[in-house]
Amino acid sequence: MKKILCTSETHPLTWWLGDNHNNTIWITEYRNKNGYKAAEKVCKNFNPIDVINIVKDSKLKGRGGAGFLTGNKWSLMPQYEKGVNRYLICNADEMEPGTYKDKFLMEHIPHQLIEGLLISSFALQVSRAYIFLRGEYVQAEKILNRAISEAKELGFLGKNIFGSKFTLDIVIHSGAGRYICGEETALINSLEGKRANPRYKPPFPAMVGLWGKPTCVNNVETLSNIPSIILNGVNWYKNLSKSNDTGTKLMGFSGRVKCPGLWELPFGITANELLHNYAQGMKKGLTLKAWLPGGAGTGFLTPEHLNVTMEFSSISNVGSRLGTGLAMAIDNTFSMVSIVLNLEKFFSRESCGLCTPCRDGLPWTVKILKMLEKKRGHENYITLLEELCNQLNTGRTFCAHAPGAVAPIKSAIKYFRSDFEAGLLKNKL
Ligand code: SF4
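So, a few notes on the structure that sits alongside this text.

About the cut-offs
- Residues numbered from 1 in each chain as written.
- Predicted model: local features only at pLDDT ≥ 70, side-chain atom pairs only at ≥ 80, totals over all residues.
- Heavy atoms only, no water.
- Helix = DSSP H or I, 4+ residues; strand = E, 2+ residues; numbered from the N terminus.
- Rg over C-alpha atoms; globule rule 2.2 N^0.38 Å.
- Contact = heavy atoms within 4.5 Å.
- Areas by Shrake-Rupley, 256 points an atom, 1.4 Å probe, with all protein chains shown as cover.
- Lys, Arg positive; Asp, Glu negative; His and termini not counted.
- Charge placed at Lys NZ, Arg CZ, Asp CG, Glu CD.
- Pairing = 2+ DSSP bridges.
- Axes fitted to C-alpha atoms, helices over the stretch in contact; angles between N-to-C directions.
- Buried < 20%, exposed > 50% of the residue type's maximum accessible area, 1.4 Å probe, protein only.
- 1 Å grid on protein atoms, 1.4 Å probe; cavity = no way out; pocket = protein on both sides within 12 Å on 5 of 7 lines; lining within 4 Å.
- Points joined across faces, edges and corners; volume = space filled by probe spheres on them.
- Nonpolar A, V, L, I, M, F, W, Y, C, P; charged D, E, K, R; others polar.
- Near = heavy atom within 4 Å.

When you go through the protein residue by residue, the secondary structure sums to 17 helices and 8 strands. A compact globule built from 429 residues would reach a C-alpha radius of gyration of about 22 Å, and the protein, at 22 Å, matches this within 12%. The principal-axis extents of the C-alpha atoms in the protein amount to approximately 75 × 50 × 35 Å. If you take every contact in the protein between residues at least 6 apart in sequence, the share linking residues at least 24 apart comes to 70%. Carbon together with sulfur atoms contributes 50% to the accessible area of the protein, which is approximately 18200 Å² in total. Each charge class in the protein was averaged separately, 52 positive and 37 negative side chains, and the resulting centres sit 2 Å apart.

In structure tokens form, the structure reads like this:
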């Protein structure tokens, strides 16, 4: 595996761990390495608007998948009004198949997230922040609870933080296990104790969010970037990247590669570098057939696309999405029908059921794919599948779940139509 020298200058998210990626950085070690210095700087010297402007200038994009500019999202929050509660929610409901970057950050560098929440809450003038945690992340919950207690003991959470008038409590809420809680309004409903269905937008959460109050929802990795931006400055942050997307990104490769894993890398490296220099290429005897750039809800790409750079615009220019940046390799021993069937079973099960096209349409994709897998597909099944995908496209369903769910089907048919044709009854040998 490529040996990487991790320093605070080049790997702001993960350098704390050095060579020991099984370690957890508790508060003493975190502080010895300048931890909480950024929060102190903010609480002592800055106004909330200063922090928002720094994050805006940094061009930090949300790392949950959509890539919305964080500073712009923060700016959508209305002006502070005394007596009106406002909330920040950390979206830690990481349930995208093949993605575990937020889990890694929470289990190994929990204080970086807490410091990120602290600074972001200061900027948004929030006195209560929530971490909406995936229910299955039991270990992360234990670690975060201990880290929050450590921070409270030293006065980094609670009242008058760093001698300022700023107060913050952080509450961990463990989810009950629903993929749709990754969607911010479904997450808010769930946090309120309601069924996790997405809400109508507008109004957007920035105006009417948790318990009807202004609310901002940010991802774990996004928030974990904030302390280093404050401490080292915007220009330093921008220069970390090789592309227009600023900073570094946790990227990975899973599947039958020689060295599946997760690495902090600058935006703008090619997928080919990620696969060959970091994941060490495919296992012996296997060749790459297809790859998903960043989670199950992104479209398949082929080996011909490996020269594309890992950044939001480049991946979208070739018809897919960067998503979470954790790529999945599919090797030549698989039929794409089986791979897509597996994904659609997941998406179909995780439909919240609110709107008919998604609730009924996704199970139909599963039925058709099952028939194709058994090589009992009727002549019109591929066309039917394509029509179903059109009916589930953006704008036809209530939220982005269904359009994301059909992205792998559409791209698999586009690039590997013969795999689907092999499932038709007329072609049965
Ligand atoms: S698209 Fe699916 S997940 Fe989204 S609201 Fe409709 S049924 Fe629910």
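Let us keep going from here.
Strand order in this open sheet of 4 strands is 6-5-8-7, and the pairing throughout is mixed. Both edges of this open sheet fall to strand 6 (261-266) and strand 7 (288-292), since each of them pairs with a single strand only. Adjacent strand axes in the sheet meet at a mean angle of 25° when their direction is disregarded. Docked against the sheet, helix 5 (residues 101-108) engages strand 5 (248-255), strand 6 and strand 8 (326-331), running at close to 115° with respect to strand 5.

Summarising burial for helix 5: 7 of the 8 residues are buried, a large majority. Among all positions of helix 5, only K101, D102, F104, L105, M106, E107 and H108 are buried.

Counting across every chain of the model gives 1 cavity of 30 Å³ or more. A class-by-class count of the residues in the lining of the largest cavity yields 9 nonpolar, 3 polar and no charged.

The subject of this paragraph is the environment of I188. Note that I188 resides in helix 8 (residues 184-191). Put simply, I188 and F132 are 56 residues apart on the chain and 9.1 Å apart in space, counted from C-alpha to C-alpha. Setting aside anything within four residues of it in sequence, one finds I188 in contact with I89, R199, P205, G209, L210, T215 and V217.

Position of V340 relative to the elements: it lies in helix 13 (residues 336-350). Distance in space between the C-alpha atoms of V340 and F156 is 47 Å, their sequence separation being 184 residues. Every residue in contact with V340, bar those within four places of it in the chain, is listed here: F300, L369, P408, I409, A412 and F420.

It is worth spelling out the environment of L354 at this point. Structurally, L354 can be placed in the loop between helix 13 and helix 14 (356-373). Taking C-alpha positions, L354 is 6.7 Å from N197, a pair spaced 157 residues apart along the chain. With residues near it in sequence (within four places) discarded, L354 still touches N197, P198, R359 and F398.

Here we come to the sheet that holds strand 2 (residues 128-133). Taken in spatial order, the 4 strands line up as 3-2-1-4 in an open sheet, and their pairing is parallel. Across the chains shown, the open sheet's two edge strands, defined by having one partner strand only, are strand 3 (169-174) and strand 4 (215-219). With direction set aside, neighbouring strand axes in the sheet form an average angle of 20°. Relative to strand 3, strand 2 is paired through 6 bridges, and the arrangement is parallel. The partner of I131 across the bridge, within strand 3, is I172. Each of strand 2 and strand 3 is contacted by helix 7 (residues 138-153), which is oriented at about 165° to strand 3, the strand it contacts most.

Attention now moves to the site of the ligand. Taken together, I180, P198, S351, C352, G353, L354, C355, C358, T397, F398, C399 and H401 are the residues near the ligand. The residue makeup of the shell around the ligand, split by class, is 8 nonpolar, 4 polar and no charged.

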